[in-house]
Every structure is written in structure tokens, then in C-alpha cells.
Amino acid sequence: MAERKGEVSRKTNETSVSVSVHIDGIGTGKISTGVGFFDHMLDQLCRHSLIDMDIDVKGDLHIDDHHTVEDTGIALGQAISKALGDRKGITRYASIDLAMDETMTKAAIDVSGRPFLVWNVNFSAPKIGTFDTELVREFFQALAQNAGITLHVLNHYGANNHHIAETCFKAVARALRTATEVDPRQANRIPSTKGTLV
Ligand SMILES: [Mn+2]
């Protein structure tokens, strides 16, 4: 199997984003978006998916974090889709209920080629520090759309908004890890009766 790596550079009037990923990595990389809390969340995504990620973003943070977060999701999704290629051999489906202190969040993924986000997560405050909590959904919407994955995220319960956000990233990371891993029982086959996942 060819190395599952993908690179994307995307430049607009609002942001300049470069992303490279290696699906079969060990969860290391250099992540810098200029938004501290978002870097912390992307570090979780990288570490727990075991997908190596280098992410460098220069965005119009003098306006707010919105364009930076959304465009990172777009470029990261595109890089993952490129790295997966024809998606041959992947496990395809995965889900996890992820606990962190008082919070529990489910992520369920189908690496289907069909972009879809179901988002059932509510925050009790508009901000975590200076970060807008509504941007968590914006990120995953952009990621699902551009990676070509069906993604459901459900927060069962939780009190602390930092924990609620962090469990979303960690749960998606763990589900993405399993769903994109090669299944040795069907390593040379597209996991679809239709014969294609792109
Ligand atoms: Mn944290």
C-alpha cells in the first residue's frame, strides 16, 4: 500500500493555511493557528487519532477566530481525503463513547465519501476563555464536508465547557483512528458493496 499522506495549501483573502497529514502516523506534528485554545484541541485530535499533522495557519484574527477555524477544518479535511485516496482497505466505521471527568461524548463515523454532520452538542456559555464555543461545530462541519465523512457527535452530559469541547475532539480522534485504519481482513478491497467510496 502506498503511504497514506496528503498535503494541502489554501490561501484566501482571509487566511493562509498549510496542512500535511500522514494517516499511519504516531500522532505527532507541529500545530500553530494563532488561537491557543484551538491549538490545544487540534493537538488532541492529532495525538489521539495517531494521524501525524502539521498545521500552520495565518488568519485574520483581528476580525475574530471564525475564518481561521473554518479554513483549518476545510484544509485538514481535504488533506485527509487526499491521504485516504480510493479508501481501499479501511475499517470505515467506528464509534466511541469518550469520558473525561464529568463529561461523556459519543462520536460515530462512517468514512463513506458522503459528507454529513449531525451535531448534538450544546454549550452552556458562549466562550471558553476568548474562544467562541459555536466554532467547535463550525470546525467539524468543515472537516466532515471536506474529508468526505459522515460524522455524528452527541454530548450525553457534562458541565464544564472546556471538557465538552475537548471530549468532542478526543472522541472524533479515536473514532477517526479506527475508521481509517486498514482492516487486514479486507486490505485490498473497497469496503462497500457499491465498489466505491469516493
Ligand atoms: Mn484541556
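Please refer to the structure higher up on the page.
Report on the accompanying structure. (Residues numbered from 1 in each chain as written. Predicted model: local features only at pLDDT ≥ 70, side-chain atom pairs only at ≥ 80, totals over all residues. Heavy atoms only, no water.)

Ranked by size, the top nonpolar core spans 57 residues in total, and within it V21, L45, L76, I80, F139, F140 and L151 carry the most contacts. Broken down by element, the residue count for this core peaks at ten residues, all from helix α4 (residues 161–180). Not counting chain neighbours up to four residues away, the residues in contact with V21 comprise R4, K5, G6, I51, D52, M53, L76, A79, I80 and A83. (Core = buried A, V, L, I, M, F, W, Y, C linked by side-chain atoms within 4.5 Å. Buried < 20%, exposed > 50% of the residue type's maximum accessible area, 1.4 Å probe, protein only. Helix = DSSP H or I, 4+ residues; strand = E, 2+ residues; numbered from the N terminus. Contact = heavy atoms within 4.5 Å.)

Taken together, the four strands give an open sheet; going across it, the order is β1-β2-β4-β3, and neighbouring strands pair in mixed fashion. Here the strands that pair on one side only, and so sit at the sheet edges, are β1 (5–11) and β3 (31–32). Relative to strand β2 (residues 15–22), β1 runs antiparallel, the two being bridged by seven bridges. Bridging from a neighbouring strand, G6 pairs with V21 of β2. (Pairing = 2+ DSSP bridges.)

What follows is about the pairing of strand β4 (residues 52–59). Walk down a regular strand and you will see the side chains alternate between the two sheet faces. One ladder, built from eight bridges, connects β2 with β4; its direction is antiparallel. Following the sheet pairing, V19 is matched in β4 by I55. Taken together, the two bridges between β3 and β4 define a ladder with parallel strand orientation. Residue pairing in the sheet places I31 in a bridge with I55 of β4.

Four donors placed tetrahedrally about a metal ideally form angles of 109.5 degrees, and six donors placed octahedrally ideally form angles of 90 or 180 degrees. Donor atoms from the polypeptide that bind the manganese ion are H40 (NE2), H162 (NE2) and E166 (OE), placed at 2.0 to 2.2 Å. For the manganese ion, all donor residues lie on one chain, and their spacing in sequence is H-x121-H-x3-E. Here H40, found in helix α1 (residues 36–49), pairs with H162, found in helix α4; they are 122 residues apart in sequence, far enough to count as distant. (Donors = N, O, S within 2.8 Å, 3.2 Å for Na, K, Ca; no water.)

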